[in-house]
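# Per-entry structural report
Spelled out from the first residue to the last, the chains are:
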Amino acid sequence: MSTVQAATILQPGEIALREYPMPEIEDDALLMRVAAVGVCGSDKHMYGGNLNLAWPVIPGHEFSGIVEKLGPQANANMKIVGGPIREGDAITVAPGSQACGKCWFCIHAPHRPQLCPNRTVFGFRTSAEAPHLFGAFSEYMYIQGNSFVLKLPEGLSLERATLCEPLAVAQRAAGRSLSPGVPYAGEGFGVGARCAVMGVGPIGLLVVAALKTMGAGEIIAVDMTEERLAFSKKFGATKTVSLAALTPEERKEQILSWTDGVGPDVVVEAAGVPAAFAEGLDVVRRGGKLVEVGHYGDPGGVEIRPHQVCNKDVDICGSWAYPQVQFEPAMDMLLRTDLPIDDIFTHRLPLSQVQAGIEVTGTGECLKVLLKPD
């Protein structure tokens, strides 16, 4: 029997290449040969033991690949964009399986399928269960029949397609700031709106790009790292604020000086640092919107003053993942954008160097690591 190599987190702090049997596919499933996979900050949190998962786990949820084998009922049972799909087609897949359709959230909030507690998610599911290959840090992945698959259009590279997932996160966060119908009455985001993005790692950078594409007027990037601040201008940031160079009071004064003394219309917290949420609340204008997208892990809390929330009449929106269909506008933006989007890949490594890729993720020298099977 042929085998498949996959990088597996055996327990927090221990990742190694392991061999799994090449699976036979069910009638409604497909086998995908992994072409490329991005390393996400959540993969690093997983490696550090900061996520509550059943070990072992094959990580990897930002991926693209080629259809190797296709079950006869796959096209009928999967949700497919750009299909039908055939063996040899280039695809990407939304990591979360389809919602169950039966739980309280599916019945009462069907527009937010990511809230369904019965979904499984590629890259976070234990590899102890057959057919094992549920993450993209692998040579092959098993894509089950309740998946959302997108056929890559001509002109979209397999490398760039790995950004569909983080861009979907970023687009959903930017979209949470929208208040359709009244943007020019000062409600939420509108063309020409003034925005600040707290933290311009990969998700923050893609939030900047999304806001730029949506027509923001001013985009203020805030970060600790000068290299990331400089890079944010490539994606549309108009001004930058250095956490290292300025105190919180000086940062607030600087941002207010660029926004008529009242603060940005929209602030997106993408740093994943509790203090950044408090600072975002402090600088957003009265009647503005604060969107929290940085905290997929739980690094703790921060003290805030409820009076400030009330006095500012501010809208605070959480942003957890995305509906699967968000992959479609993400893919469209990746296909059409004039921004130098591929420059976000600062490190390309073989799968055998996965530990080095995880370790460099989140450092000042790194924006996004791209892994490819050896």
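Overview of the structure. (Residues numbered from 1 in each chain as written. Predicted model: local features only at pLDDT ≥ 70, side-chain atom pairs only at ≥ 80, totals over all residues. Heavy atoms only, no water.)

## Considering the packing of aromatic side chains
Two measures describe an aromatic ring pair: the distance that separates the ring centres and the angle between the ring planes. Rule in force here: In this analysis, rings of Phe, Tyr and Trp, with Trp reduced to its six-membered ring, are considered paired at centre separations within 6.5 Å, and the interplanar angle assigns stacked below 30 degrees, edge-to-face beyond 60, and tilted for intermediate values. Note on conventions: DSSP H or I runs of at least 4 residues are helices, E runs of at least 2 residues are strands, and numbering of each starts at the N terminus. Only protein chains enter the accessibility calculation, which uses a 1.4 Å probe. A residue is then buried if its area is under 20% of the maximum for its type, exposed if over 50%, and partly exposed in between.
Applying the stated criterion across every chain yields a total of five aromatic pairs. Pairing Phe63 with Phe122 gives two aromatic rings, centres 6.2 Å apart and planes at 80°, and the pair type is edge-to-face. Taken together, the residues span a long stretch of sequence, with Phe63 in strand E4 (residues 62-70) and Phe122 in the loop between helix H3 (104-108) and strand E7 (140-143) at a distance of 59 residues. Its relative accessible area of 1% is what places Phe63 among the buried residues. Pairing Tyr322 with Phe327 gives two aromatic rings, centres 5.6 Å apart and planes at 50°, and the pair type is tilted. For Tyr322, a relative accessible area of 7% puts it in the buried group. Classification of Phe327 as buried rests on a relative accessible area of 0%.

## Structural notes on the environment of Pro166
This is how it is decided: Working rule for contacts: check all heavy atoms of both residues, and any pair within 4.5 Å makes them a contact.
Within the fold, Pro166 resides in helix H5 (residues 164-175). For Pro166, a relative accessible area of 0% corresponds to the buried category. Discounting residues that sit within four places of it in the chain, Pro166 has contacts with Glu62, Ile203 and Leu206.

## Some points on H5
Rule in force here: Expected helix span is taken as 1.5 Å per residue step, with the number of steps being one fewer than the number of residues.
Taking 1.5 Å per residue as the helical rise, H5 with its twelve residues ought to reach 16 Å, and the 16 Å between its terminal C-alpha atoms agrees with that figure. Of all twelve residues in H5, eleven are buried; the element is thus mostly enclosed. All of the buried residues along H5 are Cys164, Glu165, Pro166, Leu167, Ala168, Val169, Ala170, Gln171, Arg172, Ala173 and Ala174.

## Topic: the layout of surface pockets
The condition that has to hold: A pocket, in this scheme, is an open set of points on a 1 Å grid over the protein atoms alone with protein on both sides within 12 Å along at least 5 of 7 lines, while a cavity is a set where a 1.4 Å probe fits but cannot get out; residues line either one if an atom lies within 4 Å of a point. Grid points are joined across faces, edges and corners, and a volume is the space filled by probe spheres set on the points. Each residue is assigned to one class: nonpolar for Ala, Val, Leu, Ile, Met, Phe, Trp, Tyr, Cys and Pro, charged for Asp, Glu, Lys and Arg, and polar for all the others, Gly among them.
Within this model, the second largest pocket holds a volume of roughly 210 Å³. Along its surface, the second largest pocket is lined by Pro248, Glu249, Lys252, Ala275, Ala278, Glu279, Leu281, Asp282, Glu303, Ile304, Arg305 and Gln308. Of all the elements in the fold, those that place two or more residues in the lining of the second largest pocket are helix H8 (248-257) and helix H9 (274-283). Residue contributions to the lining of the second largest pocket peak at five residues, all from H9. By residue class, the composition of the lining of the second largest pocket is five nonpolar, one polar and six charged.

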